[in-house]
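Examining the three-dimensional arrangement
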Amino acid sequence: MTAPHRKQRINVTFSPPTPNGDLHLGHLAGPVLGSDVCARSQKVLGHDVAFSTSTDDNQTYVVTTAERMGTGPEALIQHAFKSVTTTLERAGVQVDLFERPDAAYTEFVEGFFTHLWRHGAFDQREVELPYDAEAGEYRAEAFVTGRCPACLAHARAGVCEACGGYNLPAALLPSGTAAALPRRTASIWVLDLERYRAQITDWYRASDVRLRPDLARVVSDSLATRLPYIPITYPSTWGIAVGWDGPDAPAQAINAWPEIYVGHLYWLAQARKADLGDCDELVQFIGIDNGFYNAFVYVTLSLLAAEHGLPVALPKTRTLTNQYYLLEGRKFSTSKGDVRWAGEYLDSVGRDRARFVLALTSPELQQSEFSEEIALSTINRRFDEPISALTRALNTTLAGRSADTPPSSWWAAALAASRQRFEEAYRLETFSIRKAAEALALHLEVLALRSEQIDLDDPADVSGALLFLWSLRTLAWPVTPDLSEQVTQSFSAPSVVEQAPLLAELTEPPAGAFRGLNTRRPDHGALTTPS
Ligand SMILES: [Zn+2]
């Protein structure tokens, strides 16, 4: 109901990385780069943006990985937190805040769930869980592996990474630890989604946000049958403890998956230094494996929180999913060591070039593949070569010239077309980092070709070429921020490293004369193929 150009408060987040390792290219090409390009582009469009997430310390994956690596969970988390923080910086991911859960966070999450529990939002259920008698512990989530009862992929209890479906620990078809352990009854607290079917259905009916097709299918498939109940607690000592069953009952901890929703609320409020959910729109970037939790559990928790008087707002909520990114045809596997680490790749090709090629091949709507060789040839052909060509031509012919007359009609038309392509890629309704990278590649291609034929005696042609280059300061900033800064410097304009350039200012020509483009920046990788 808002006018298209009103300044909106937009919160952007991506699924918290599990601190059992560094980010790999699948993370970067999916939710991480997607959310950064989104946060940056909304700033370019003039909105007020908060962008944050945290690590996901309470996932049982942390414990299973630590056990496998012969270290303790805390040491593993500290190491992973440092690596991920460094990788985000190297990648130019401009989060306002990236934190680890601390005491204040834990208290907030415990308080949130306890409030809903006290208001009767959850039900107590007896469930069968694999029980490790030797350790005296129940096994759930990452501790339990087997075959997904829906798609037969190898899966861990909780969420099947292959189909995004939800499964209780005892529902996996035995093959692995689930088969080896006997079952034992445990009393846990659950969120029975079927109880809230009407509210969930109303929420989707009232929303004008169009879901990406894969998430739309998770929603319609799930609504077509009885909705499952989701454990809110597990009998566990790992995670945020709650004492709902009294001091003598076995220890229960909050399931780390529903916790993510409350974490986003908390960290975004911290980043904005404002009340919970105090924004006009929440944009979440997730892998499809988080689709069910996001589409059902987060939505239901937000509705229950509002209903039961927690001070949360219910902003317009947009979830942008991505599919799997394959590494030379195989699925990335941290546990098998079959990964390409994001930090290493950023170092080997340079930040802009990595961001460009990962955006261009991002698995936004369907599975896509990363091949080292194809990526390098794409970078050369669609990024390096046009930039070298246009730099050579413009630096020779146009250094010292200014964009001081209106552009020729040819350049005006080209600029309007390119701007429209970028704007479509950046608008939330049609947001796509693939489209943004494609728009950038075509902009560079056109400029490179045309820059060799500029009529130096025609001020409108000279102005047009300079304005077309200048527009990259704004249009390229979300995808390739270093190129944007290089264009900025070539016109002696104010730096855009910290301050986003605004689309509204795009029509203002640069004040200074063109002094040549310097695209060789040793800190971000020279624009030649590494040998
Ligand atoms: Zn499955």
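All of the points below concern the structure found in this document. (Residues numbered from 1 in each chain as written. Predicted model: local features only at pLDDT ≥ 70, side-chain atom pairs only at ≥ 80, totals over all residues.)

Moving on: the sheet that holds strand β20 (residues 368–370). Taken in spatial order, the three strands line up as β19-β18-β20 in an open sheet, and their pairing is mixed. With one partner strand each, in any of the chains shown, β19 (330–331) and β20 form the two edges of the open sheet. Relative to β20, strand β18 (residues 325–327) is paired through three bridges, and the arrangement is parallel. What sits directly across from Leu 327, in β20, is Phe 370. Against the sheet, helix α1 (residues 25–44) engages β18 and β20, with an angle of about 165 degrees to β18. (Pairing = 2+ DSSP bridges. Helix = DSSP H or I, 4+ residues; strand = E, 2+ residues; numbered from the N terminus. Contact = placed C-beta atoms within 7 Å. Axes fitted to C-alpha atoms, helices over the stretch in contact; angles between N-to-C directions.)

Take the environment of Gly 343 next. Relative to the helices and strands, Gly 343 resides in helix α10 (residues 342–349). Sequence separation of Gly 343 and Gln 78 is 265 residues, and the distance between their C-alpha atoms is 17 Å.

Further remarks concern the packing of helix α2 (residues 60–69) against helix α3 (residues 73–90). Contact geometry of α2 with α3 gives a least axis separation of 9 Å together with a crossing angle of 100 degrees. Accordingly, the angle class assigned to the pair α2 and α3 is roughly perpendicular. Residues Val 62, Val 63, Thr 65, Ala 66 and Met 69 of α2 pack against Pro 73, Leu 76 and Ile 77 of α3. Tallied by class, the residues present in the contact of α2 with α3 amount to seven nonpolar, one polar and no charged. (Parallel < 35°, antiparallel > 145°, perpendicular 65-115°, else oblique. Nonpolar A, V, L, I, M, F, W, Y, C, P; charged D, E, K, R; others polar.)

Our next topic: the nonpolar core. A general tendency of soluble globular proteins is for nonpolar side chains to be buried together. Leu 28, Val 297, Phe 356, Ala 359, Ala 436, Leu 466 and Leu 469 are the most contacted members of the largest nonpolar core, which has 151 residues in total. Here this core takes 11 residues from helix α8 (residues 256–272), the largest share from any one element. When residues are assigned to domains, this core turns out to be shared by domain 1 (9–322) and domain 2 (372–524), each giving three or more. (Core = buried A, V, L, I, M, F, W, Y, C linked by C-beta atoms within 7 Å. Buried ≥ 20, exposed ≤ 12 C-beta atoms within 10 Å, placed from the backbone. Domains from an automatic or database assignment.)

Even without glycine at this site, Leu 152 takes up a positive phi of about 70 degrees. Positive phi, normally seen in glycine, also occurs at Ser 492, with a value near 50 degrees. As for its position among the elements, Ser 492 is in the segment after α17 (481–490). Residue classification places Ser 492 among the exposed positions, given that 12 C-beta atoms sit within 10 Å.

The interhelical angle for the contact between α1 and helix α11 (residues 351–360), taken along N-to-C directions, is 95 degrees, at an axis separation of 10 Å. Of the possible angle classes, the one that applies to α1 and α11 is roughly perpendicular. In contact with Leu 25, Leu 28, Ala 29, Leu 33 and Val 37 of α1, α11 contributes Arg 355, Leu 358 and Ala 359.

Another point: the pairing of strand β16 (residues 281–287). By the criterion of burial, β16 is predominantly enclosed, with six of the seven residues buried. Note that strand β1 (residues 9–14) and β16 share five bridges and pair parallel. The residue of β16 that forms the bridge with Phe 14 is Phe 285. In this fold, β16 hands off to helix α9 (residues 291–307), which returns the chain to strand β17 (residues 316–322); that crossover is right-handed. (Right-handed = clockwise from strand over helix to strand, strands pointing away.)

Remember, this is a structural readout, not a statement about activity or role.
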